[in-house]
Amino acid sequence: MSTQTKVRKAIFPAAGFGTRFLPATKSIPKEMLALVDKPIIQYGVEEALAAGCDQIVIVTGRGKSAIEDHFDVSYELECTLEKRGKTDLLAVSRQVSHMVRLSYVRQKEAMGLGHAVLMARDLVGDEPFAVILPDDVIDAKVPCLKQMMDVFEQVQSSIVATQVVEGPAISAYGVLDGKPVAGNPKLFDVSGLVEKPKPADAPSKNAIIGRYILTPKIFDLLEHTPLGAGGELQLTDGIKGLLQTEKVYGYSFEGVRHDAGDKFGMLKATVEFALKREDLGPAFRDYLKTLKL
Ligand code: G1P
(Lines give C-alpha, C1' and ligand atoms only; values in the text may rest on other atoms or scores of the structure.)
Protein backbone atom coordinates (compact mmCIF):
# COMPACT_ATOMS: atom_id res chain seq x y z
CA MET A 1 0.00 0.00 0.00
CA SER A 2 1.03 3.66 -0.35
CA THR A 3 3.21 5.32 2.26
CA GLN A 4 0.63 8.09 2.78
CA THR A 5 -0.86 7.31 6.15
CA LYS A 6 -3.13 10.25 6.84
CA VAL A 7 -6.65 10.09 5.46
CA ARG A 8 -7.39 13.51 3.94
CA LYS A 9 -10.07 12.80 1.39
CA ALA A 10 -13.65 11.63 1.79
CA ILE A 11 -15.85 10.41 -1.05
CA PHE A 12 -19.60 10.96 -0.86
CA PRO A 13 -21.54 8.82 -3.35
CA ALA A 14 -24.61 10.93 -4.14
CA ALA A 15 -25.77 9.90 -7.58
CA GLY A 16 -28.62 7.56 -6.55
CA PHE A 17 -32.23 8.29 -7.50
CA GLY A 18 -33.61 8.14 -3.98
CA THR A 19 -36.61 6.09 -5.06
CA ARG A 20 -37.41 5.18 -1.45
CA PHE A 21 -38.37 8.81 -0.93
CA LEU A 22 -40.56 9.45 -3.96
CA PRO A 23 -42.26 11.74 -4.73
CA ALA A 24 -40.13 14.12 -2.60
CA THR A 25 -37.02 13.12 -4.55
CA LYS A 26 -38.45 13.58 -8.02
CA SER A 27 -36.72 16.94 -8.38
CA ILE A 28 -34.82 17.28 -5.09
CA PRO A 29 -31.72 15.16 -4.47
CA LYS A 30 -32.36 12.86 -1.51
CA GLU A 31 -29.08 14.09 -0.03
CA MET A 32 -30.72 17.53 0.24
CA LEU A 33 -33.72 16.39 2.27
CA ALA A 34 -33.64 18.25 5.56
CA LEU A 35 -33.15 16.48 8.85
CA VAL A 36 -34.67 19.21 11.07
CA ASP A 37 -33.06 22.13 9.20
CA LYS A 38 -29.91 20.73 7.64
CA PRO A 39 -29.61 18.64 4.48
CA ILE A 40 -28.59 15.10 5.36
CA ILE A 41 -25.39 15.33 3.30
CA GLN A 42 -24.19 18.24 5.45
CA TYR A 43 -24.18 16.00 8.54
CA GLY A 44 -21.79 13.69 6.70
CA VAL A 45 -19.59 16.53 5.46
CA GLU A 46 -19.34 17.92 9.00
CA GLU A 47 -18.42 14.45 10.24
CA ALA A 48 -15.64 14.15 7.64
CA LEU A 49 -14.23 17.54 8.66
CA ALA A 50 -14.41 16.63 12.34
CA ALA A 51 -12.47 13.47 11.50
CA GLY A 52 -9.66 15.51 9.93
CA CYS A 53 -10.51 15.26 6.21
CA ASP A 54 -9.93 18.46 4.28
CA GLN A 55 -11.02 17.42 0.81
CA ILE A 56 -14.48 16.22 -0.04
CA VAL A 57 -15.30 14.51 -3.31
CA ILE A 58 -18.98 14.27 -4.12
CA VAL A 59 -20.01 11.79 -6.79
CA THR A 60 -23.12 13.27 -8.38
CA GLY A 61 -25.34 12.64 -11.36
CA ARG A 62 -28.10 14.38 -13.32
CA GLY A 63 -30.47 16.49 -11.26
CA LYS A 64 -28.05 16.86 -8.36
CA SER A 65 -26.97 20.47 -8.89
CA ALA A 66 -28.76 21.55 -5.68
CA ILE A 67 -25.92 19.85 -3.78
CA GLU A 68 -23.33 22.03 -5.52
CA ASP A 69 -25.42 25.15 -4.93
CA HIS A 70 -25.79 24.29 -1.27
CA PHE A 71 -22.06 24.28 -0.62
CA ASP A 72 -21.45 27.30 -2.88
CA VAL A 73 -21.60 31.00 -1.98
CA SER A 74 -25.16 32.28 -2.42
CA TYR A 75 -24.41 35.89 -3.31
CA GLU A 76 -28.04 37.05 -3.63
CA LEU A 77 -29.09 35.41 -0.34
CA GLU A 78 -26.10 36.78 1.57
CA CYS A 79 -26.61 40.27 0.14
CA THR A 80 -30.26 40.28 1.15
CA LEU A 81 -29.56 38.96 4.64
CA GLU A 82 -26.83 41.57 5.08
CA LYS A 83 -29.16 44.40 3.99
CA ARG A 84 -31.82 43.18 6.41
CA GLY A 85 -29.30 42.95 9.25
CA LYS A 86 -29.94 39.20 9.71
CA THR A 87 -26.43 38.49 10.91
CA ASP A 88 -27.24 35.14 12.52
CA LEU A 89 -28.69 33.69 9.32
CA LEU A 90 -25.88 35.22 7.28
CA ALA A 91 -23.39 33.37 9.45
CA VAL A 92 -25.30 30.09 8.95
CA SER A 93 -25.25 30.51 5.17
CA ARG A 94 -21.56 31.53 5.08
CA GLN A 95 -20.53 28.71 7.39
CA VAL A 96 -21.79 26.19 4.81
CA SER A 97 -20.10 27.79 1.81
CA HIS A 98 -16.77 28.31 3.58
CA MET A 99 -16.75 24.88 5.11
CA VAL A 100 -14.35 22.91 2.99
CA ARG A 101 -12.74 22.23 -0.38
CA LEU A 102 -15.18 20.24 -2.48
CA SER A 103 -14.77 18.58 -5.84
CA TYR A 104 -17.49 16.99 -7.90
CA VAL A 105 -17.34 14.13 -10.32
CA ARG A 106 -20.22 12.67 -12.27
CA GLN A 107 -21.34 9.09 -12.28
CA LYS A 108 -23.00 8.96 -15.67
CA GLU A 109 -24.72 5.62 -15.22
CA ALA A 110 -26.32 4.15 -12.09
CA MET A 111 -23.99 1.15 -11.92
CA GLY A 112 -23.71 0.76 -8.17
CA LEU A 113 -21.73 1.93 -5.15
CA GLY A 114 -18.45 0.36 -6.28
CA HIS A 115 -18.75 2.15 -9.61
CA ALA A 116 -19.50 5.46 -7.82
CA VAL A 117 -16.34 5.11 -5.72
CA LEU A 118 -14.32 4.24 -8.83
CA MET A 119 -15.44 7.52 -10.43
CA ALA A 120 -13.43 9.38 -7.76
CA ARG A 121 -10.20 7.53 -8.51
CA ASP A 122 -8.42 10.42 -10.28
CA LEU A 123 -9.34 12.85 -7.52
CA VAL A 124 -8.15 10.54 -4.75
CA GLY A 125 -4.95 9.17 -6.26
CA ASP A 126 -2.67 6.78 -4.43
CA GLU A 127 -3.63 7.36 -0.81
CA PRO A 128 -6.05 5.89 1.72
CA PHE A 129 -9.42 7.64 1.74
CA ALA A 130 -12.78 7.62 3.48
CA VAL A 131 -16.21 6.88 2.03
CA ILE A 132 -19.33 8.28 3.67
CA LEU A 133 -22.80 7.22 2.53
CA PRO A 134 -24.88 10.34 3.21
CA ASP A 135 -28.09 8.36 3.91
CA ASP A 136 -26.49 6.92 7.01
CA VAL A 137 -26.57 9.73 9.55
CA ILE A 138 -24.65 8.73 12.66
CA ASP A 139 -25.25 10.44 15.97
CA ALA A 140 -22.19 9.91 18.15
CA LYS A 141 -20.23 11.73 20.84
CA VAL A 142 -17.03 11.13 18.90
CA PRO A 143 -17.93 11.28 15.18
CA CYS A 144 -17.98 7.77 13.72
CA LEU A 145 -15.36 8.52 11.08
CA LYS A 146 -13.07 10.02 13.74
CA GLN A 147 -13.38 6.80 15.76
CA MET A 148 -12.36 4.90 12.63
CA MET A 149 -9.44 7.26 11.93
CA ASP A 150 -8.09 6.47 15.39
CA VAL A 151 -8.27 2.75 14.60
CA PHE A 152 -6.70 3.35 11.17
CA GLU A 153 -3.71 5.02 12.81
CA GLN A 154 -3.02 1.76 14.61
CA VAL A 155 -3.86 -0.83 11.94
CA GLN A 156 -3.05 1.03 8.67
CA SER A 157 -5.55 -1.19 6.85
CA SER A 158 -9.02 -0.83 5.40
CA ILE A 159 -11.84 -0.54 7.93
CA VAL A 160 -15.61 -0.78 7.47
CA ALA A 161 -18.10 0.39 10.09
CA THR A 162 -20.39 -2.33 11.34
CA GLN A 163 -23.44 -2.78 13.51
CA VAL A 164 -25.51 -5.76 14.59
CA VAL A 165 -28.76 -6.16 12.63
CA GLU A 166 -31.23 -8.76 13.87
CA GLY A 167 -33.53 -10.89 11.74
CA PRO A 168 -34.33 -10.78 8.03
CA ALA A 169 -33.46 -7.06 7.83
CA ILE A 170 -29.84 -8.19 7.44
CA SER A 171 -30.61 -8.81 3.74
CA ALA A 172 -30.58 -5.07 3.09
CA TYR A 173 -26.88 -4.80 3.93
CA GLY A 174 -23.40 -5.95 3.16
CA VAL A 175 -22.51 -8.52 5.84
CA LEU A 176 -19.15 -9.37 7.40
CA ASP A 177 -17.68 -12.68 8.32
CA GLY A 178 -14.85 -12.50 10.82
CA LYS A 179 -13.56 -12.89 14.35
CA PRO A 180 -13.18 -10.26 17.06
CA VAL A 181 -9.58 -9.16 17.48
CA ALA A 182 -8.14 -10.42 20.77
CA GLY A 183 -8.19 -7.65 23.35
CA ASN A 184 -10.44 -5.42 21.23
CA PRO A 185 -14.01 -6.70 20.96
CA LYS A 186 -15.03 -3.68 18.83
CA LEU A 187 -12.67 -4.74 16.06
CA PHE A 188 -13.23 -7.69 13.70
CA ASP A 189 -10.62 -9.36 11.58
CA VAL A 190 -12.69 -9.75 8.42
CA SER A 191 -12.47 -13.05 6.55
CA GLY A 192 -15.33 -12.57 4.09
CA LEU A 193 -18.07 -10.18 2.97
CA VAL A 194 -21.38 -10.72 1.20
CA GLU A 195 -23.58 -8.02 -0.28
CA LYS A 196 -27.29 -8.35 0.51
CA PRO A 197 -27.38 -12.06 1.36
CA LYS A 198 -30.61 -13.98 1.87
CA PRO A 199 -31.19 -14.16 5.65
CA ALA A 200 -30.24 -17.85 5.68
CA ASP A 201 -26.96 -17.14 3.86
CA ALA A 202 -25.83 -14.23 6.04
CA PRO A 203 -22.48 -15.19 7.60
CA SER A 204 -23.19 -13.13 10.74
CA LYS A 205 -25.35 -10.34 12.12
CA ASN A 206 -22.62 -7.77 11.49
CA ALA A 207 -23.95 -5.40 8.83
CA ILE A 208 -21.79 -2.87 7.00
CA ILE A 209 -22.84 0.69 7.77
CA GLY A 210 -21.99 3.56 5.44
CA ARG A 211 -18.52 4.54 6.70
CA TYR A 212 -15.35 3.12 5.20
CA ILE A 213 -11.64 3.83 5.23
CA LEU A 214 -10.07 2.14 2.23
CA THR A 215 -6.61 1.69 0.81
CA PRO A 216 -6.15 2.81 -2.81
CA LYS A 217 -5.66 -0.78 -3.96
CA ILE A 218 -9.46 -0.96 -4.01
CA PHE A 219 -9.50 1.04 -7.26
CA ASP A 220 -7.59 -1.61 -9.24
CA LEU A 221 -9.85 -4.26 -7.79
CA LEU A 222 -13.05 -2.38 -8.63
CA GLU A 223 -11.87 -2.04 -12.24
CA HIS A 224 -11.99 -5.84 -12.48
CA THR A 225 -14.81 -6.77 -10.12
CA PRO A 226 -17.74 -8.41 -11.93
CA LEU A 227 -21.25 -7.02 -11.40
CA GLY A 228 -22.81 -8.46 -8.25
CA ALA A 229 -26.03 -8.13 -6.24
CA GLY A 230 -28.74 -6.26 -8.14
CA GLY A 231 -26.61 -6.35 -11.32
CA GLU A 232 -24.43 -3.54 -9.88
CA LEU A 233 -20.72 -3.08 -9.21
CA GLN A 234 -20.70 -3.54 -5.45
CA LEU A 235 -18.17 -1.88 -3.15
CA THR A 236 -18.55 -4.87 -0.85
CA ASP A 237 -17.26 -7.17 -3.63
CA GLY A 238 -14.26 -4.89 -4.19
CA ILE A 239 -13.43 -4.99 -0.47
CA LYS A 240 -13.69 -8.76 -0.59
CA GLY A 241 -10.98 -8.65 -3.26
CA LEU A 242 -8.75 -6.66 -0.88
CA LEU A 243 -8.72 -9.65 1.45
CA GLN A 244 -6.48 -11.54 -1.00
CA THR A 245 -3.57 -9.21 -0.24
CA GLU A 246 -4.44 -7.02 2.74
CA LYS A 247 -6.11 -7.08 6.11
CA VAL A 248 -9.60 -5.61 6.39
CA TYR A 249 -11.20 -4.77 9.72
CA GLY A 250 -14.80 -4.32 10.80
CA TYR A 251 -15.27 -1.69 13.48
CA SER A 252 -18.31 -1.71 15.71
CA PHE A 253 -18.66 2.04 16.28
CA GLU A 254 -20.14 3.84 19.25
CA GLY A 255 -23.22 5.83 18.32
CA VAL A 256 -26.67 5.58 16.79
CA ARG A 257 -27.09 5.16 13.07
CA HIS A 258 -30.19 6.50 11.34
CA ASP A 259 -31.15 5.44 7.83
CA ALA A 260 -32.26 8.85 6.64
CA GLY A 261 -32.79 7.53 3.12
CA ASP A 262 -35.81 5.61 4.41
CA LYS A 263 -39.10 7.26 5.41
CA PHE A 264 -39.38 5.57 8.80
CA GLY A 265 -35.68 6.06 9.51
CA MET A 266 -35.95 9.74 8.64
CA LEU A 267 -38.99 10.19 10.90
CA LYS A 268 -37.16 8.62 13.85
CA ALA A 269 -34.05 10.70 13.19
CA THR A 270 -36.14 13.86 12.97
CA VAL A 271 -37.75 13.22 16.36
CA GLU A 272 -34.46 12.33 18.04
CA PHE A 273 -32.46 15.21 16.55
CA ALA A 274 -35.25 17.73 17.25
CA LEU A 275 -35.50 16.60 20.89
CA LYS A 276 -31.76 17.16 21.31
CA ARG A 277 -31.85 20.71 19.99
CA GLU A 278 -31.60 23.46 22.58
CA ASP A 279 -33.84 25.79 20.58
CA LEU A 280 -36.54 23.25 19.66
CA GLY A 281 -36.21 20.36 22.08
CA PRO A 282 -38.16 21.58 25.15
CA ALA A 283 -41.18 22.83 23.17
CA PHE A 284 -41.15 19.76 20.92
CA ARG A 285 -41.04 17.45 23.94
CA ASP A 286 -44.03 19.25 25.48
CA TYR A 287 -45.88 18.94 22.19
CA LEU A 288 -45.17 15.21 21.88
CA LYS A 289 -46.50 14.67 25.39
CA THR A 290 -49.87 16.12 24.33
CA LEU A 291 -50.30 13.50 21.60
CA LYS A 292 -52.72 10.79 22.60
CA LEU A 293 -50.83 7.78 21.30
C1 G1P B 1 -25.00 0.12 0.75
C2 G1P B 1 -23.93 -0.97 0.71
C3 G1P B 1 -24.17 -2.01 1.79
C4 G1P B 1 -24.26 -1.34 3.14
C5 G1P B 1 -25.33 -0.22 3.12
C6 G1P B 1 -25.30 0.58 4.41
O7 G1P B 1 -26.23 -0.47 0.38
O8 G1P B 1 -23.93 -1.57 -0.58
O9 G1P B 1 -23.12 -2.93 1.79
O10 G1P B 1 -24.58 -2.29 4.12
O11 G1P B 1 -25.09 0.69 2.04
O12 G1P B 1 -26.25 1.58 4.44
P13 G1P B 1 -27.51 0.41 -0.08
O14 G1P B 1 -28.15 0.90 1.17
O15 G1P B 1 -26.98 1.54 -0.92
O16 G1P B 1 -28.38 -0.51 -0.84
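Preceding this section is the structure that the text describes.
We now turn to the structure provided with this report. (Residues numbered from 1 in each chain as written. Predicted model: local features only at pLDDT ≥ 70, side-chain atom pairs only at ≥ 80, totals over all residues. Heavy atoms only, no water.)

Now for unusual backbone geometry. Cis rather than trans, the peptide bond between leucine 22 and proline 23 has omega equal to 5°. You can see proline 23 is positioned in the loop between β1 (9-13) and β2 (34-35). Even without being a glycine, glutamine 156 presents a positive backbone phi close to 50°. Relative to the assigned elements, glutamine 156 resides in the loop between α7 (144-155) and β8 (158-164). With a relative accessible area of 25%, glutamine 156 lands in the partly exposed category. Of note, lysine 196 is a non-glycine position whose phi angle comes to about 45°, a positive value. With respect to the helices, strands and loops of the structure, lysine 196 is situated in the loop between β10 (184-195) and β11 (206-214). Residue classification places lysine 196 among the partly exposed positions, given a relative accessible area of 44%. (Helix = DSSP H or I, 4+ residues; strand = E, 2+ residues; numbered from the N terminus. Buried < 20%, exposed > 50% of the residue type's maximum accessible area, 1.4 Å probe, protein only.)

Of all the seven residues making up β8, five are buried; the element is thus mostly covered by neighbouring parts of the structure. By the bridge criterion, six bridges tie β8 to β11 in an arrangement that is antiparallel. When the sheet's bridge partners are listed, alanine 161 is paired in β11 with isoleucine 209. (Pairing = 2+ DSSP bridges.)

Near the ligand there are 13 residues, and of these Asp136, Gly174, Glu195, Lys196 and Ile208 occur at the shortest range. Within the side chain of threonine 236, an N or O atom sits 3.3 Å from an oxygen atom of the ligand. The fraction of the free accessible surface of the ligand (380 Å²) that becomes covered by protein chains is 76%. Ranked by residue count, the leading element in the shell around the ligand is β11, at three residues. Here the shell around the ligand is composed, by residue class, of five nonpolar, four polar and four charged. (Near = heavy atom within 4 Å. Polar contact = N/O pair within 3.5 Å; in protein donor to acceptor, adjacent residues only side chain to side chain. Areas by Shrake-Rupley, 256 points an atom, 1.4 Å probe, with all protein chains shown as cover. Nonpolar A, V, L, I, M, F, W, Y, C, P; charged D, E, K, R; others polar.)

Take the pattern of salt bridges next. A side chain of one charge can pair with a side chain of the opposite charge if their charged atoms are brought near each other. Scanning all chains against the criterion turns up 19 salt bridges. A salt bridge links lysine 9 to glutamate 127, with the shortest nitrogen-to-oxygen separation between them at 3.6 Å. Here the residue lysine 9 occupies a position in strand β1, and glutamate 127 occupies one in the loop between α6 (121-124) and β6 (129-132), the gap between them amounting to 118 residues. Considered together, lysine 9 and glutamate 127 belong to a single accessibility category, that of buried residues. When salt bridges with common partners are traced through the structure, they connect Arg20, Lys30, Asp135 and Asp259 into a single cluster. (Salt bridge = Lys/Arg side-chain N within 4 Å of Asp/Glu carboxyl O.)

A few words on the packing of aromatic side chains. Across all of its chains, the model carries three aromatic pairs by this definition. Look at tyrosine 43 and phenylalanine 273: their rings are 5.4 Å apart centre to centre, the planes differ by 90°, and that puts the pair in the edge-to-face class. One end of the pair, tyrosine 43, is in helix α1 (residues 40-50); the other, phenylalanine 273, is in helix α10 (residues 263-276), and 230 residues separate them in sequence. Grouping residues by exposure puts tyrosine 43 and phenylalanine 273 together as buried. Between phenylalanine 284 and tyrosine 287 the ring centres are 6.4 Å apart and the planes differ by 20°, which places this aromatic pair in the stacked class. Highlighted residues: phenylalanine 284 and tyrosine 287, both in helix α11 (residues 281-290), separated by three residues, approximately one helical turn. Tyrosine 287 gets classed as partly exposed once you look at its relative accessible area, which sits at 44%. Seen from the ring of tyrosine 43, lysine 38 lies directly overhead, with NZ or CZ sitting 4.7 Å from the centre. (Phe/Tyr/Trp six-rings, centres within 6.5 Å; stacked < 30°, edge-to-face > 60°. Lys NZ or Arg CZ within 6 Å of the ring centre and 35° of its normal.)

The packing of two helices is summarised by the inter-axis angle and the distance between the axes. Here α10 crosses α11 at 125°, and the two axes come no closer than 6 Å. Considered as vectors, α10 and α11 are oriented oblique to each other. Listed contacts from α11 to Val271, Ala274 and Leu275 of α10 are Gly281, Phe284, Arg285 and Leu288. Looking at the contact of α10 with α11 residue by residue, the class counts come to five nonpolar, one polar and one charged. (Axes fitted to C-alpha atoms, helices over the stretch in contact; angles between N-to-C directions. Parallel < 35°, antiparallel > 145°, perpendicular 65-115°, else oblique. Contact = heavy atoms within 4.5 Å.)

In a soluble, globular protein the nonpolar side chains are often hidden away together inside. Counting residues in each nonpolar core, the largest one holds 40 residues, and the members touching the most others are Phe12, Ile41 and Leu145. Per-element accounting of this core gives the leading share, six residues, to α7. Not counting residues within four places of it along the chain, the set of residues in contact with phenylalanine 12 comprises Ile41, Gly44, Val45, Ala48, Ile56, Val57, Ile58, Val59, Ile132 and Pro134. Core analysis: the second largest hydrophobic core is formed by 27 residues, Val57, Val59, Ile208 and Leu222 among them. (Core = buried A, V, L, I, M, F, W, Y, C linked by side-chain atoms within 4.5 Å.)

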